[in-house]
Amino acid sequence: MVSSIEDKDIYIELLKGYKAPKGYTAKLASLLYGCSNSVFCFHRTLSTWMIDYGFQPVNTDKTLFSLNQDDCTVMIIVLCVDDGLTAHNNDTEYAKFIKALLERFELSAESTEVTWYLGVGILRDWSKGTIKLTQH
């Protein structure tokens, strides 16, 4: 389920076997994947949350955000629909950010080493200081 509310009410037909009382119907409380505006509304909700947290949008599409703090902490986040990739230089501030994000959104991965992003395989060799990108 998308963690966003649409600007207008969306009503749905009940599944077979379910009946609403006469004169009633079902209204979505939040958008579902597949609704025509779900991606737009989720992106608006997430980007607004990011700006409220202190991030600044780097581009006009609000798909790339940066957070620069006085103590030289830097976090950069790139978003594509509901997939995000983060780079940071402060584990403590990153953990605070993830905790705050989890209070509002459901995450499928919180702090794992990235191996795939948007169909691109990512292999990092920390000892050699290299990153290899692959695509199948």
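Residues numbered from 1 in each chain as written. Predicted model: local features only at pLDDT ≥ 70, side-chain atom pairs only at ≥ 80, totals over all residues. Heavy atoms only, no water.

1. Let's talk about the sheet that holds strand E6 (residues 83-88)
The condition that has to hold: Each pair of strands is called paired provided DSSP finds at least two bridges between the two strands. Helix and strand definitions follow DSSP, with helices as H or I runs of at least four residues and strands as E runs of at least two, each counted in order from the N terminus.
Read from one edge of the open sheet, four strands run E3-E4-E5-E6, paired in antiparallel fashion. The two strands at the open ends of the sheet, each matched to only one other strand, are strand E3 (56-57) and E6. Sheet topology places E3 next to strand E4 (residues 64-68); two bridges connect them, and they run antiparallel. Looking at the pairing, proline 57 lines up with phenylalanine 65 of E4.

2. Description of the pattern of salt bridges
For clarity, the cut-off: Throughout this description, the term salt bridge denotes a Lys or Arg side-chain nitrogen within 4 Å of a carboxyl oxygen of Asp or Glu.
Following the criterion strictly, the structure yields one salt bridge and no others. When the shortest N-O distance is used, the salt bridge between glutamate 93 and lysine 96 registers 3.1 Å. With glutamate 93 and lysine 96 both in helix H2 (residues 91-104) and three residues apart, the pair spans about one turn of that helix.

3. Overview of the nonpolar core
Test applied: Put simply, a nonpolar core is a bunch of buried Ala, Val, Leu, Ile, Met, Phe, Trp, Tyr and Cys residues held in one set by side-chain atoms that sit within 4.5 Å of each other. Only protein chains enter the calculation, and the probe is 1.4 Å; a residue is then buried if its accessible area is under 20% of its type maximum, exposed if over 50%, and partly exposed in between. Contact between two residues is taken to exist if any of their heavy atoms lie within 4.5 Å; hydrogens are not considered.
Judged by nonpolar contacts, the single largest core of 16 residues is most densely connected at Leu46, Trp49, Met50, Phe55, Phe97 and Leu101. Residue assignment for this core shows that the elements contributing at least two residues are helix H1 (38-53), E4, strand E5 (74-80) and H2. Apart from the residues lying within four places of it in its own chain, the contact partners of phenylalanine 55 are Met50, Phe65, Ser66, Leu67, Met75, Ile77 and Phe97.

4. Digging into the sheet that holds strand E9 (residues 130-135)
Taken in spatial order, the three strands make up an open sheet running E7-E8-E9, and their pairing is antiparallel. With partners counted over all chains shown, the strands left at the sheet margins are strand E7 (116-117) and E9, one partner each. Here two bridges tie E7 to strand E8 (residues 120-125), and the two strands are oriented antiparallel to one another. Considered in E8, the bridge of tyrosine 117 is made with valine 120.

5. Remarks on unusual backbone geometry
A positive phi angle, close to 55°, is found at leucine 118, a residue other than glycine. Here leucine 118 is to be found in the loop between E7 and E8.

6. Section: the packing of aromatic side chains
Using the following cut-off: Pairing of aromatic rings covers Phe, Tyr and the six-membered ring of Trp, with a centre-to-centre limit of 6.5 Å; geometry is then stacked below 30 degrees between planes, edge-to-face above 60, and tilted otherwise. Charge over a ring is defined by NZ of Lys or CZ of Arg lying within 6 Å of the ring centre and within 35 degrees of the ring normal.
Applying the stated criterion across every chain, the model contains six aromatic pairs. Ring geometry for tryptophan 49 against tyrosine 53: centres 5.3 Å apart, planes inclined by 20°, an arrangement best described as stacked. In this pair, tryptophan 49 and tyrosine 53 both sit in helix H1, four residues apart, roughly one turn of the helix. Both rings, one in tryptophan 49 and one in phenylalanine 105, keep their centres 6.1 Å apart while their planes meet at 90°; by these two values the pair is edge-to-face. Here the residue tryptophan 49 occupies a position in helix H1, and phenylalanine 105 occupies one in the loop between H2 and E7, the gap between them amounting to 56 residues. As far as the burial class goes, tryptophan 49 and phenylalanine 105 line up, both buried. The side chain of arginine 104 reaches across the aromatic face of phenylalanine 105, ending 4.8 Å from its centre. Positioned above the aromatic ring of tryptophan 126, the side-chain terminus of arginine 124 is 3.7 Å from the ring centre.

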